[in-house]
Every structure is written in structure tokens, then in C-alpha cells.
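# Commentary on secondary and tertiary structure
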Amino acid sequence: MNEATPQGLLFCELEIPRKGHAEVNASLVRTARSAYPEAPIRLLAERRHLEAVDRRLRTYGVEDVALEESPLASDARLTLPREIRLFGALLRRARREGTRRIVFLSCSRRRVGWAKVVARRLPDVEVMVVLHETDFTFGLASGGPVERLFHRLYYRALPPNLTLLVLGPWIAAHAHERYPFVRGSLAWMWHPYDYPLEILDGEPPRRSLVEPLVLAYFGVAKPMKGADDFAALAERLAGEYGPERLRCLHLGRRVPRAPGFPEASGVESAPPGEELSRERIGELAAGVHYAVYPYDADAYSGRSSGALHDALAYRIPLLAYRGPMFESYFAELGDIGDLVDSPADLERIVRGLLAAPPHDRYRRQLAALERAAERLSCAALAEQFRRPTRPE
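Residues numbered from 1 in each chain as written. Predicted model: local features only at pLDDT ≥ 70, side-chain atom pairs only at ≥ 80, totals over all residues. Heavy atoms only, no water.

## Some points on the side chain of N25
Within the fold, N25 resides in helix α1 (residues 22–35). Taking the relative accessible area as the measure of exposure, N25 reaches 1% and is therefore buried. Discounting residues that sit within four places of it in the chain, N25 has contacts with E13, H49, V53 and L105. (Helix = DSSP H or I, 4+ residues; strand = E, 2+ residues; numbered from the N terminus. Buried < 20%, exposed > 50% of the residue type's maximum accessible area, 1.4 Å probe, protein only. Contact = heavy atoms within 4.5 Å.)

## Things to note about the nonpolar core
Inside soluble globular proteins, nonpolar side chains tend to come together where they are buried. By size, the foremost hydrophobic cluster in this structure holds 104 residues, and its most contacted members are F11, F104, F218, Y293 and F385. It is α1 that provides the largest number of residues to this core, a total of 7 residues. Apart from residues no more than four positions distant in its own chain, F218 is found in contact with L251, I281, A285, A291, Y293, Y295, A307, D310, Y314 and I316. Judged by nonpolar contacts, the second largest core, of 28 residues, contains L213, L215, A221 and L353. (Core = buried A, V, L, I, M, F, W, Y, C linked by side-chain atoms within 4.5 Å.)

## Observations regarding the sheet that holds strand β10 (residues 267–268)
Across the sheet, 6 strands lie side by side as β10-β9-β8-β11-β12-β13; this open sheet has parallel pairing. Single-partner strands in this sheet number two, and they are β10 and β13 (337–340). Pairing analysis gives 2 bridges linking strand β8 (residues 213–218) to strand β11 (residues 290–293), with the strands arranged parallel. If you follow A216 over to β11, its bridge partner there is A291. (Pairing = 2+ DSSP bridges.)

## Looking at the pattern of salt bridges
On inspection of all chains with the given rule, the structure shows 25 salt bridges. The partner of E283 in a salt bridge is R280, with the nearest N and O atoms 3.1 Å apart. One end of the pair, E283, and the other, R280, are both in helix α9 (residues 278–285), 3 residues apart, so they sit about a helical turn from each other. The partly exposed category is assigned to R280, whose relative accessible area is 38%. (Salt bridge = Lys/Arg side-chain N within 4 Å of Asp/Glu carboxyl O.)

## Considerations on the sheet that holds strand β1 (residues 9–12)
Pairing in this open sheet of 7 strands is parallel, and the strands run β3-β2-β1-β4-β5-β6-β7 from one edge to the other. In the strand order of this sheet, the two ends are held by β3 (65–69) and β7 (186–188), each with one partner. Strand after strand, the sheet turns through a mean of 25° between neighbouring axes, direction not considered. Taken strand by strand, helix α2 (residues 47–59) contacts β2 (41–45) and β3, and its axis lies near 165° from that of β3. (Axes fitted to C-alpha atoms, helices over the stretch in contact; angles between N-to-C directions.)

## Looking at the side chain of E83
Structurally, E83 is set in helix α3 (residues 80–97). One polar contact links E83 to W114, side chain to side chain, over a distance of 3.5 Å. With sequence-adjacent residues up to four places away left out, E83 is seen in contact with L72, R110, R111 and W114. (Polar contact = N/O pair within 3.5 Å; in protein donor to acceptor, adjacent residues only side chain to side chain.)

## Notes on the packing of α3 against helix α4 (residues 109–121)
Where α3 contacts α4, the axes come no closer than 11 Å and their chain directions differ by 40°. Looking at the two axes, α3 sits oblique to α4. Crossing angle aside, the handedness with which α3 passes α4 is right-handed. Of α4, the residues touching α3 (which contributes L80, E83, I84, F87, L91 and R95) are R110, R111, W114, V118 and R121. For the contact of α3 with α4, the residue count by class is 6 nonpolar, no polar and 5 charged. (Parallel < 35°, antiparallel > 145°, perpendicular 65-115°, else oblique. Left-handed = near helix turned anticlockwise from the far one by under 90°. Nonpolar A, V, L, I, M, F, W, Y, C, P; charged D, E, K, R; others polar.)

## Some words on α9
All buried positions along α9 are accounted for by I281, G282 and A285. Along α9, the residues classed as buried sweep out an arc of 100° about the axis, all on the same side. (Arc of directions from axis to C-beta.)

Rendered as C-alpha cells:
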């Protein structure tokens, strides 16, 4: 196979309907286009997901990707006989069109099994499964000895043309250590991102440390994402310093299981029942000085975070709890903020920023974030998409 000019790439989003994962999927497709500028690319997904991805691709001038609705991506639960027929049709199509790489953009444990079938039936085709987390997929996050044995057998002898791709070196290290039965198939690349230039008008905001100091919590407010710690920080400090000196914002969606921050916390967010548009989040992000990520380190040892890329996209320095994910990004990108070890440490840092703003260091952090935007761009990651990194 000639890696420089594959006959075609087929992307399949068969798990996530509607707009979920649309940003990262669009970014992976753009990365593939940069890696293989002449190759035909097709995306199979649910209709609303295709529309969301198409909007993002067109924003960046990518209009030569074929988008096709697939019954495999339906909201309805498929019967096994129908699933067998549909995957059979996928196999025949791949042979007929000379597909050289098939990328499953999200996979449950069941669909990883189908990816194994596809790889075995198409031994000359590269089959790649993008895993957004590893503990649930590999089945050892919970369950007894029987379940653990089942999943070890399930992942034994994966086909040599099947790659399990994770989006970050810390996830690969976690899976490599904890799940030795997938080591031969495991690879990683950095999480690519479609930076929202249409919101930034092509230029990042010109930030400076002037009061009020504005902190932001991006994404859905959940306990594993440290929502309680952020609320407690806002309640303690916003009341003490007042809105003239400190503001705490929630820039993210409200969902039924994570309804947001209580009004008494002092965190400013959209009213209940309302959702901030992407454009409005961009406008508010332009005035943010630091993005706060009080994430549970253990919860993110085997997964990536799209919300982190909001801060990177808007070039906002980070205040983050120390953990494998953030340590990996800081090691790769340099001084892009502060890593803290506890809620008390986070509060100490914020009080220090209010007492003596580090203007020179802040300018250096903004410059590092500009370089980070280039380092993690779709074009820069094209080679890693061609040949993902294998953990040692």
C-alpha cells in the first residue's frame, strides 16, 4: 500500500447522534484531509451529526468530503440480523471503492467487536478505532473476575491491521500499563481541534491582567469536572472581593443531570432553560483571564477533555488541578498557566493574582498559547494521523 496516496478514507460515526463529538470529528476529518490532500474522504453518520460536522468543515473551506447518512448510526436500536446485513454492506462497499483506511470515530465495546470483524475480513485495509476513554471500553472500570476474564479474551489477538487510537499520551500510558492485552494495537495522537476563527474574527483577543479578574469554567458542570470546587471558590472569593475585582463565569451547557451552579455560589451563568450559543461563549471568552479546570485527576487518567480545548482555542491560560492530562499538555506546550494540588492551593493562586498580577509572565503565557494553537492544529497533526505514536 502506498501511504502517500491511499485510494480512499472512510470515517464512520456510528455511536453519537446529533451534535455530540461534532467538533472533534470535524477536526479529525480536517487532519485527514491535510495528511492525504488527494484522497477521497467519506463520512457516514446520523443526519443531524452530518449537518453539524458540515458546518464546521465549510467554515474552514473543506467542501470536498462526501457526507452520507447511515442506518448504522440510527438512534433506534438495531437488531443483530440487521446489524449483520448493514456491516456486510459496509464491507462490500469498502472492497468495491478500494478503501484503504476505515476510521470508526466512536466505539462501544460491541462496536469494537464489529471493527475486529471488519479488520479480519479486510486484511489489506487499515482499520482505526478512536477511543475517547479506555476504562469503560476495556471493561475493567467495574465488574468481577468473570467480566475481567471475558474482556481479556475479547481483546486477545486483535488483527494486526486494527489500531486502537487514543487522543493523548497520558491515555496511552494509562491503557498500556493497565490493559496489557491491547498493547500491540494501541497508538495515540494529540487531540486536534478546529479553532473557532469565525468567532475570533481571525485574531485572538488582546488580553491583559486588568480588574476585574475573570475566571471561567468551561463545559458541563459535573462533580468529576470539579464543579463543586469551582462553586466553593466563587462563593468564598466573589463575596469577599466583589464583582469590581473578581468575576466567575460558567461558559457551558446545562443538561438535566448537571443543571449548573446554584445562584448563591456567585458563578454567573445562563438562566435555567437557556443555552449559551457558541457565538455568545466566544464573546464572553474574549474577556476571560484564566480558565479553571478543577478536574478529578483519576477520572481523567484514561480519557480526554474537549472542554480543555475551549481554553486553548481562545488562548486563555489555565489554572488546573495536577493530573496526567494537564501535566502532559504543560510538558508539551510550556508555561500555559498553573498546576495546583488542592482547592486551598487554587485559592492561594487566585488571591496572589489579585494581590500582584504577574503581567510579564502572563504575556509569556499568551505567547505560549499562540504557539500551542499552531502545534495542535489539524495541519500540524497530519503526520501523526498518518503514523500514530506507539507507546513504549
